[in-house]
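# Structural overview
If you want the building blocks of each chain, they are given just below.
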Amino acid sequence: QVQLVESGGGLVQAGGSLRLSCAASGNPFLINIMDMGWYRQAPGKQRELVAAISRTGRSDFADAVKGRFTISRDKEKNTVSLQMNNLLPEDTAVYYCHSNRGNQYYWGQGTQVTVSS
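First, a word on what this report is: a plain description of the structure on this page. Values in this document were obtained by computation on a predicted structure and should not be read as measured data.

On to the sheet that holds strand S3 (residues 18–26). With respect to topology, four strands assemble into an open sheet ordered S1-S3-S8-S7, the strand pairing being antiparallel. Every interior strand has two partners, whereas the edge strands, strand S1 (2–7) and strand S7 (69–74), have only one. Within the sheet, the average angular offset between the axes of one strand and its neighbour, ignoring direction, is 15°.

Right, here's the structure in full:
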């Protein structure tokens, strides 16, 4: 079992920055071999992948955030972070931490990010 807890959301003006963090706890062996990422869900929209980082450190980003967001992972602390720069109003959403390995996957409870124009 793995538990994910997000932090760092909030209200920011357009053009500003926020850093989200996700702390993973539970089975340390499983956490270490899992791919992790961030999804977001805006009101009335489907949940979408924002950024992902594999267990080997390879990262991938949605086109909408490329060049503005970065993702990093600290395997010793079992954390994954999402640095969000040059935020836009359309980035407003609940952001969820996600981890998966094969058919095992876990979600955090979500953290609200609101970007005002």
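Tallied over the entire structure, the rule returns two aromatic pairs. A centroid spacing of 5.0 Å and a plane angle of 70° characterise the contact between tyrosine 39 and tryptophan 107, whose relative ring orientation is edge-to-face. Placement of the pair is tyrosine 39 in strand S4 (residues 35–41) and tryptophan 107 in strand S10 (residues 104–107), with a sequence separation of 68 residues. The exposure class assigned to tyrosine 39 is partly exposed, which follows from its relative accessible area of 21%. For tryptophan 107, a relative accessible area of 34% translates into the label partly exposed. Plain terms: the ring middles of tyrosine 96 and tryptophan 107 are 6.4 Å apart, the flat faces sit at 90° to each other, and that makes the pair edge-to-face. On the criterion of sequence distance, the pair formed by tyrosine 96 in strand S9 (residues 93–101) and tryptophan 107 in strand S10 is long-range, its members being 11 residues apart. Overall, the relative accessible area of 14% leaves tyrosine 96 in the buried class. Residue placement shows arginine 47 over the ring face of tyrosine 96; its charged tip is 3.7 Å from the ring centre. A cation over a ring is seen here: arginine 47 above tryptophan 107, with NZ or CZ 4.6 Å from the ring centre.

Turning next to the side chain of threonine 111. Structurally, threonine 111 is set in strand S11 (residues 111–116). A polar side-chain atom of threonine 111 sits 3.3 Å from the main-chain amide nitrogen of glycine 9. Those residues within four positions of threonine 111 in sequence are excluded, and the remaining contacts are Glu6, Gly9, Leu20, Ala93, Val94 and Tyr95.

Okay, the nonpolar core next. Membership of the largest hydrophobic core comes to 29 residues, with the highest contact counts inside it found for Trp38, Leu82, Met84 and Tyr95. Counting residues per element, this core draws most heavily on S3, which supplies four residues.

Applying the stated criterion to the full structure yields one disulfide. A sulfur-sulfur distance of 2.1 Å marks the disulfide that ties cysteine 22 to cysteine 97. Negative torsions about the S-S bond denote left-handed disulfides, and the value of about -85° found for cysteine 22 with cysteine 97 makes this one left-handed. With a gap of 75 residues between them, cysteine 22 in strand S3 and cysteine 97 in strand S9 connect regions that are remote in the sequence. Across this residue pair, the class does not change: cysteine 22 and cysteine 97 are buried.

Calculation rules
Residues numbered from 1 in each chain as written. Predicted model: local features only at pLDDT ≥ 70, side-chain atom pairs only at ≥ 80, totals over all residues. Heavy atoms only, no water. Pairing = 2+ DSSP bridges. Helix = DSSP H or I, 4+ residues; strand = E, 2+ residues; numbered from the N terminus. Axes fitted to C-alpha atoms, helices over the stretch in contact; angles between N-to-C directions. Phe/Tyr/Trp six-rings, centres within 6.5 Å; stacked < 30°, edge-to-face > 60°. Buried < 20%, exposed > 50% of the residue type's maximum accessible area, 1.4 Å probe, protein only. Lys NZ or Arg CZ within 6 Å of the ring centre and 35° of its normal. Polar contact = N/O pair within 3.5 Å; in protein donor to acceptor, adjacent residues only side chain to side chain. Contact = heavy atoms within 4.5 Å. Core = buried A, V, L, I, M, F, W, Y, C linked by side-chain atoms within 4.5 Å. Disulfide = S-S within 2.5 Å.

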